[in-house]
Amino acid sequence: MTISTQRIFHGAIIHSLTLTELEVLPSALLGVDDKGIIAFLDKDVPADKVQQVITDSHKGWENVQLVTLKRGEFLCPGFIDTHTHAPQYPNLSFGQQFELLDWLTHVTFPTEAKFSDAQYARRTYEGVVQRVINTGTTTCSYYGTLHLTTKILAAVCHRKGQRAFVGKCNMDRHALPEYQEASASTSLADTKEFVNFVKRNCVSPSCSSPKANGHVNGSSHPPTSSTNLVQPILTPRFAISCTNEVLTGLSEMMKEDPDLHLQTHLAENPSEVQFARSLFPSACSYTDIYNQFGLLRNNSILAHCVHLAPDEMELIRSTKAGISHCPTSNFNLRSGASKVADMLDRGIKVSLGTDVSGGFGLGILTTLRQASIASKTIVFLKRDAVPAEKEPSPAPPSDSKYPVGYFASRHLSLETLFYLATMGGAEVCCLEDRVGNFLVGKEFDALLVQSGQKDLGEVQGEAAKEPALGDADEDIMKFVETESTFPEEVKGWNPAMFVEPDDSLEKVFEKFLFAGDDRNLGSVFVRGRVVGGARPIEALTN
């Protein structure tokens, strides 16, 4: 018996087309084939025409499972977390009194050292991955530890069906005596063993997505060729923790395998920047350290990037590397606020990262909200600055459709924030040809959002049962003597999502982004397969 991923969905669909444009489809018909690929998207199909459209336009789909979304439900693309630390989840929401370097020494490194124990690693990673999935993260770029038990993390992601990049950290200096690799040669040998393990053992069924073999949305680089959901990623923790020999060895691995991604930290904290610069005096900047070793290219993910000079931003743009914006962590560890708007104005790829446990939010929704706050903070600081302190807006790339200073002139809009959480992450991971929105031919990585919104007619019927309110004061007291039938708090639903029956789809969507949580995620799909959610839909079996 096999579980089919082939389904047809009818109802509301929301996804990003550009940094400033959402497509909101209240009555769409979307088909997902048995490989998890989006086969068709009909944008306006009334409920009474669904069967006719399937019969007339989609031969062979007549007996496929039809999922009809209720009022207040919608599909949106899965969230993409481009920076988090799986072994740090036991420290979630702990250690906020420190800044970065002290936090690593006193909180993080001692916890990560415990992952030399395979049993502890298995127990922890099992819980971490499922929790991350249930918060709506369909693609995640994970840091493991320096141990080869990071293989367990990759294996867990593979079994649970999450799309993931998993990396074993390189750290052969400036850590703790009990948590540091013995030598550069050991670090590189273990990294090669880890990469080979993931490639050999985390193999997904063949995926024949036409988008995976071409370019969409103006993509300027070849898509990642491997169709495996779980892929290895080189992970020099940061320049401080890696000797020249390690960075050189990783560069050689990247030259040998153009599909091998890399992730690292960059310019997160002023003390970190100063320390890194002191270790590599020949580099023009912190960013130039990685550039000198050939570690900046289109599939390099640079986390934080809070303290970048204009020439460093230009270097990142020219190498087509991507940035993972981690505002929750940046605020929590008092690192600063990344100038995301300037990055976007320059044409740099930007995404969102939870950065657990520097960040205290489990999923991307928290990060999206913190990104909004960070952008508003920068806007009002710029507004209140004296004229002499105001910086000129960066020039956009020649092919940009936005005017000079477009993003820097305002806080990040809802449209832009959602793009960073979905398509932005896909671009940074070089997966924009496969996931990030619902273009036909892409893979169905999606969330079924359930707001609990009631039908207006149903609510009006309930209101008619309520006693009439008289004019006297005592009538008011009598009026509220018994519990009202509305609003009804359904057990297990998110009380922060207060959705009115007459709220528009756009309003429900915004409320979800800023008040929703995992209780509003009925089903989480990766490549068409249900991998999590609070109320997973049942699939037909063959």
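1. Notes on the overall build of the protein chain
In step 1: Looking only at helices and strands, one finds 16 helices and 17 strands in the protein chain.
In step 2: For 542 residues, the compact-globule estimate of 2.2 N^0.38 gives 24 Å, and the protein chain sits close to it at 24 Å.
In step 3: Expressed along its principal axes, the backbone C-alpha trace of the protein chain runs to roughly 80 × 60 × 50 Å.
In step 4: Summarising the internal contacts of the protein chain: among those between residues at least 6 apart in sequence, 74% fall at separations of at least 24.

2. Thoughts on the pattern of salt bridges
In step 1: Taken as a whole, this structure holds 18 salt bridges when the rule is applied.
In step 2: Measuring nitrogen to oxygen at the nearest pair gives 2.8 Å for the salt bridge that ties aspartate 445 to arginine 163. Of this pair, aspartate 445 sits in the loop between α13 (414-428) and β15 (446-450) while arginine 163 sits in strand β8 (residues 163-167); the two residues are 282 residues apart in sequence, bridging distant segments of the chain. A single burial state applies to aspartate 445 and to arginine 163, both of which are buried.
In step 3: The salt bridge partner of lysine 255 is glutamate 252, with a shortest N-O separation of 3.5 Å. Taken as a pair, lysine 255 and glutamate 252 lie in helix α6 (residues 244-256) at a separation of 3 residues, close to a single helical turn.
In step 4: Because the salt bridges share partners, they merge into one network encompassing Arg122, Glu126, Arg159 and Lys160.

3. Observations regarding helix α5 (residues 184-201)
In step 1: With 18 residues, α5 should cover 26 Å at 1.5 Å per step; its first-to-last C-alpha distance of 26 Å lies within 8% of that length.
In step 2: Buried within α5 we find Ala184, Ser187, Leu188, Asp190, Thr191, Phe194, Val195, Phe197 and Val198.
In step 3: Residues of α5 that are buried make contact with α4 (150-160), β8, β9 (169-170), β10 (230-236) and α6.

4. Some details on the pairing of strand β17 (residues 529-532)
In step 1: Pairing of strand β16 (residues 521-526) with β17 involves 3 bridges; the strand directions are antiparallel. Note that in β17 the partner of phenylalanine 525 across the bridge is valine 530.
In step 2: The hairpin formed by β16 and β17 contains 2 residues between the paired strands, and arginine 527 there has a positive phi angle of roughly 50°.

5. Remarks on the nonpolar core
In step 1: Phe74, Tyr142 and Tyr286 are the most contacted members of the largest nonpolar core, which has 115 residues in total.
In step 2: Excluding residues within four positions of it along the chain, tyrosine 286 makes contact with Phe238, Ala239, His265, Leu266, Ala267, Glu272, Val273, Ala276, Arg277 and Glu312.
In step 3: Listed in part, the 17 residues of the second largest apolar core include Phe9, Val67, Leu75 and Ile537.

6. Observations concerning the packing of aromatic side chains
In step 1: Counted under the stated rule, the structure contains 16 aromatic pairs.
In step 2: Measuring from ring centre to ring centre gives 5.6 Å for phenylalanine 9 and phenylalanine 525, while their planes differ by 85°; the resulting arrangement is edge-to-face. Separated by 516 residues along the polypeptide, phenylalanine 9 in strand β1 (residues 7-18) and phenylalanine 525 in strand β16 bring together distant segments of the chain.
In step 3: Ring geometry for tyrosine 402 versus phenylalanine 407: centroids 5.0 Å apart, planes at 65°, classification edge-to-face.
In step 4: Under the relative-accessibility criterion, phenylalanine 407 is labelled buried at 3%.
In step 5: A cation over a ring is seen here: arginine 410 above tyrosine 406, with NZ or CZ 4.0 Å from the ring centre.

7. With respect to the pairing of β8
On any regular strand, side chains alternate: one points to one face of the sheet, the next to the other face.
In step 1: Burial of β8 is extensive: 5 of the 5 residues sit out of reach of the surface.
In step 2: Side chains of β8 alternate between two faces, with Arg163, Phe165 and Gly167 and Ala164 and Val166 buried alike.
In step 3: Bridge analysis of strand β7 (residues 137-143) against β8 gives 5 bridges, and the strand direction is parallel. Paired with threonine 139 across the strands is arginine 163, a residue of β8.
In step 4: Between the parallel pair β7 and β8, the chain is carried across by α4, and the sense of this crossover is right-handed.
In step 5: As paired strands, β8 and β10 are joined by 3 bridges and run parallel to one another. From the neighbouring strand, valine 166 faces β10, where its bridge partner is proline 232.

8. Some thoughts on a nonpolar patch on the surface
In step 1: Together, Leu469, Ile476, Met477, Phe479 and Val480 line one region of the surface with nonpolar side chains, adding up to about 480 Å² of accessible area.
In step 2: By the element assignment, methionine 477 lies in helix α15 (residues 473-479).
In step 3: Of the residues examined, methionine 477 reaches a relative accessible area of 58% and is grouped as exposed.

9. Here's the deal with the side chain of glutamate 181
In step 1: By the secondary structure assignment, glutamate 181 is in the loop between β9 and α5.
In step 2: On the basis of relative accessible area, glutamate 181 is assigned to the buried category, the value being 5%.
In step 3: Polar side-chain contacts of glutamate 181 include one of 2.7 Å to the side chain of lysine 168.
In step 4: Ignoring any residue separated from it by four or fewer positions in sequence, one finds glutamate 181 in contact with Leu146, Lys168, Cys169, Asn170, Met171, Asp172 and Ser187.

10. Brief notes about the side chain of arginine 297
In step 1: Residue position: arginine 297 is located in the loop between α8 (286-292) and β12 (300-304).
In step 2: Of the side chains with opposite charge, aspartate 257 comes closest to the buried, unpaired arginine 297, at an N-O distance of 6.0 Å.
In step 3: Not counting chain neighbours up to four residues away, the residues in contact with arginine 297 comprise Met254, Lys255, Asp257, Pro258, Asp259, Leu260, Thr319, Lys320 and Ala321.

11. Structural notes on unusual backbone geometry
In step 1: Of the consecutive residues valine 356 and serine 357, the connecting peptide bond is found in the cis state with omega at 10°.
In step 2: Of note, alanine 267 is a non-glycine position whose phi angle comes to about 50°, a positive value.
In step 3: Position of alanine 267 relative to the elements: it lies in the loop between β11 (261-266) and α7 (270-279).
In step 4: The exposure class assigned to alanine 267 is buried, which follows from its relative accessible area of 0%.

12. Quick word on the packing of α5 against α6
In step 1: Viewed as axis vectors pointing N to C, α5 and α6 meet at an angle of 30°, and their least axial separation amounts to 9 Å. In terms of their interaxial angle, α5 and α6 are classed as roughly parallel. Two packed elements cross with a definite hand, and for α5 against α6 that hand is right-handed. Residues Ala184, Ser185, Ser187, Leu188, Thr191, Lys192 and Val195 of α5 form the contact with α6, whose participating residues are Glu245, Val246, Gly249, Leu250 and Met253.
In step 2: Here the contact of α5 with α6 is built from residues that sort into 6 nonpolar, 4 polar and 2 charged.

13. Points about the environment of glutamate 112
In step 1: Tracing the chain through its elements places glutamate 112 in helix α2 (residues 100-113).
In step 2: The sequence separation of glutamate 112 and glutamine 88 amounts to 24 residues, and the corresponding C-alpha distance is 6.9 Å.
In step 3: Beyond its immediate sequence surroundings of up to four residues, glutamate 112 is in contact with His85, Pro87, Gln88, Gly144, Thr145, His147, Tyr179 and Arg237.
In step 4: Within the structure, the side chain of glutamate 112 is placed 3.0 Å from the side chain of glutamine 88, a separation counted as a polar contact.

About the thresholds
Residues numbered from 1 in each chain as written. Predicted model: local features only at pLDDT ≥ 70, side-chain atom pairs only at ≥ 80, totals over all residues. Heavy atoms only, no water. Helix = DSSP H or I, 4+ residues; strand = E, 2+ residues; numbered from the N terminus. Rg over C-alpha atoms; globule rule 2.2 N^0.38 Å. Contact = heavy atoms within 4.5 Å. Salt bridge = Lys/Arg side-chain N within 4 Å of Asp/Glu carboxyl O. Buried < 20%, exposed > 50% of the residue type's maximum accessible area, 1.4 Å probe, protein only. Expected span 1.5 Å × (residues − 1). Pairing = 2+ DSSP bridges. Core = buried A, V, L, I, M, F, W, Y, C linked by side-chain atoms within 4.5 Å. Phe/Tyr/Trp six-rings, centres within 6.5 Å; stacked < 30°, edge-to-face > 60°. Lys NZ or Arg CZ within 6 Å of the ring centre and 35° of its normal. Right-handed = clockwise from strand over helix to strand, strands pointing away. Patch = residues over 30% accessible without salt bridge, like charges linked within 9 Å, V, L, I, M, F, W, Y side chains within 5 Å. Areas by Shrake-Rupley, 256 points an atom, 1.4 Å probe, with all protein chains shown as cover. Polar contact = N/O pair within 3.5 Å; in protein donor to acceptor, adjacent residues only side chain to side chain. Lys, Arg positive; Asp, Glu negative; His and termini not counted. Axes fitted to C-alpha atoms, helices over the stretch in contact; angles between N-to-C directions. Parallel < 35°, antiparallel > 145°, perpendicular 65-115°, else oblique. Left-handed = near helix turned anticlockwise from the far one by under 90°. Nonpolar A, V, L, I, M, F, W, Y, C, P; charged D, E, K, R; others polar.

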